[in-house]
Amino acid sequence: MNKKMKNIYILAAALVVLSPAAMAQNGVLSNAVKVVCNDAVQRGDSLYLDAVITLNNSSVKTCKSLELTPVVEVGDKKEGFLSVLRNGRIRHKVYSREIKLNNLVEIPHYSVAKVNKDQTEEVIRYQAAIGWEDWMKDAKISLAADLCGCGQEDANKLLVTDHIRRRPDARYEVQPTLAYITPVAETEKHRAEVGTAYLDFQVGKSQILPDFRNNAAELDKINSTIRSVTSDKNITPKGIMLKGYASPEGSYASNDRLSDNRVKALRDYIRSKNDFPQSFFTLENEPEDWAGFKAQVVADSEVPARDEVLGIIDSDLQPDQKEAKLRALKGGSAFSYVLKNIFPSLRRSEYRIDYTVREFTVEEGREIIKTRPQQLSLSEMFAVANSYETGSKEYNNVFEIAVRMYSSDPVANLNAANISIGKGDYAAAKNYLSKAGDSAEAIHARGVLKLIEGDLDGAEVLLKKANDAGVIGAANNLRELQKKRDDNALFDSFNAHN
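Rules and cut-offs
Residues numbered from 1 in each chain as written. Predicted model: local features only at pLDDT ≥ 70, side-chain atom pairs only at ≥ 80, totals over all residues. Heavy atoms only, no water. Pairing = 2+ DSSP bridges. Helix = DSSP H or I, 4+ residues; strand = E, 2+ residues; numbered from the N terminus. Axes fitted to C-alpha atoms, helices over the stretch in contact; angles between N-to-C directions. Buried < 20%, exposed > 50% of the residue type's maximum accessible area, 1.4 Å probe, protein only. Core = buried A, V, L, I, M, F, W, Y, C linked by side-chain atoms within 4.5 Å. Contact = heavy atoms within 4.5 Å. Polar contact = N/O pair within 3.5 Å; in protein donor to acceptor, adjacent residues only side chain to side chain.

Colleague: I tried to follow the sheet that holds strand 13 (residues 281-286) on my own but got confused; where do I start?
Modeller: Spatially, the four strands line up as an open sheet ordered 11-14-12-13, and their pairing is mixed. The strands lining the two open edges of the sheet, one partner per strand, are strand 11 (189-197) and strand 13. On average, adjacent strands in this sheet sit at an angle of 20° to one another, irrespective of strand direction. As defined by bridge partners, strand 11 adjoins strand 14 (residues 348-357) across nine bridges and the pair is classed as antiparallel. Across the sheet, residue E193 finds its bridge partner in strand 14, namely I353.

And the structure:
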């Protein structure tokens, strides 16, 4: 045995104190040391520990030493941080002398010091790091004590922390709950088929000539629309509204008679093809369509003296006086233009066929929605949607059809917004929500959208309002909001140290 090793042996033998087991049994460790963990966190390839160790100086006698080592451990794996060594007065003299004489190999410590008997306790701010290994992610950190300098640890360790903070691999993505509205069922489903026919009449006449100019094609449009209603076993026809329009040339009185006679002629033509009573029809006529005339002038930049033409249309003059001024404007060039390019489209017949539709079962609705979705009510579509798996292609498709069929309905727009949120199409969701009204569910959906987009303060206001109104799902989304806040704080805590 060489001299150096002999001295180390003599030092260890000379300074043997109470055994670790005795210390544990007497509760000395818990009385001698207290530890508070400020943070234990993985950053990059290192594990950082920030703790406060409070040492009761009276617990370390003059010939004793106490070595405290934070240890990361899980199962049979462990790794120690740098140790804190506190020597009693006599022991510290021996330790220092042996180090100075190079008789004792000095082990790296976090700190080494003699216990100051003038202080009741010593507070050590412990901040150290070791290399990170994957097994540490589920580990705990304990404070182990070595009382004799022989490498034996007290069995009664002090827990520093059972949780090591780690930067998540990705930010938390909220899992929102969406609140749909079940539409109110229609007591009776009223529907209508509408169209416009541009029939040509001989000048000053009201008789319908099927072979005159393009009348065959225009009449076929009307007949086809009527057949689509009368041939459908799910439909009960309720009535037909006809409205005839004339253009603003000729006297107003003459145009009044002519438009009235022409709409009656159309009624009689339809009756000749169908078994409808006269009472089935509602007739209206517009002797001179000045509103339609104005709309087309506004849309047509080629109209000569367009501003003057619009001024005449908007004036308080009687119809025949307006026509006279138009004929005289710019030597008649403006009137010739509108007579050729605008007036023909004003001479038309609008028709609307009103009917009711029977109710459908969910099974029938699944088929009807593929061919004639307009026959389904919103409530029937909702039932069809819910017959599919939530979030499936078929489920989403029904709600998208619903909002196309009922484009101005707040409920249809709200439900379509929820579908868009679920698909991640937030631009579409915002568009639908602009037409979804101010129901509690619509407020809730706007809150969900803000939550997803990261406006947590704005989301909280809306979600709390929805929650107060009793919207199912709002409470869950408020919990999601708090999870997101906590996640943001976690990420920010890492960023603050980078």
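Now, onward.
Colleague: I keep staring at the environment of L66 and nothing clicks. Help me out?
Modeller: Mapping L66 onto the fold places it in strand 3 (residues 65-74). Taking the relative accessible area as the measure of exposure, L66 reaches 4% and is therefore buried. Spatially, the C-alpha atom of L66 lies 72 Å from that of N397, the residues being 331 residues apart in sequence.

Colleague: Could you clarify how one ought to interpret the nonpolar core in this entry?
Modeller: The nonpolar side chains of a soluble globular protein tend to be buried with one another. Core analysis: the largest hydrophobic core is formed by 63 residues, its most contacted members being I208, I240, L242, L266, I270 and M381. Top contributing element to this core by residue count: helix 15 (residues 410-423), with seven residues. If near-sequence neighbours (up to four positions away) are discounted, M381 is found in contact with I369, P373, L376, V398, I401, A402, M405 and Y406. Of all hydrophobic cores here, the second largest spans 31 residues; its members include L29, V33, L49 and I130.

Colleague: What is the right way to look at the side chain of E73 in this model?
Modeller: Turning to its location among the elements, E73 is positioned in strand 3. Among the polar contacts listed, one links the side chain of E73 to the side chain of K157, at a separation of 3.4 Å. Residues contacting E73, with those up to four places away along its chain left out, are K78, W135, A139, K140, S142 and K157.

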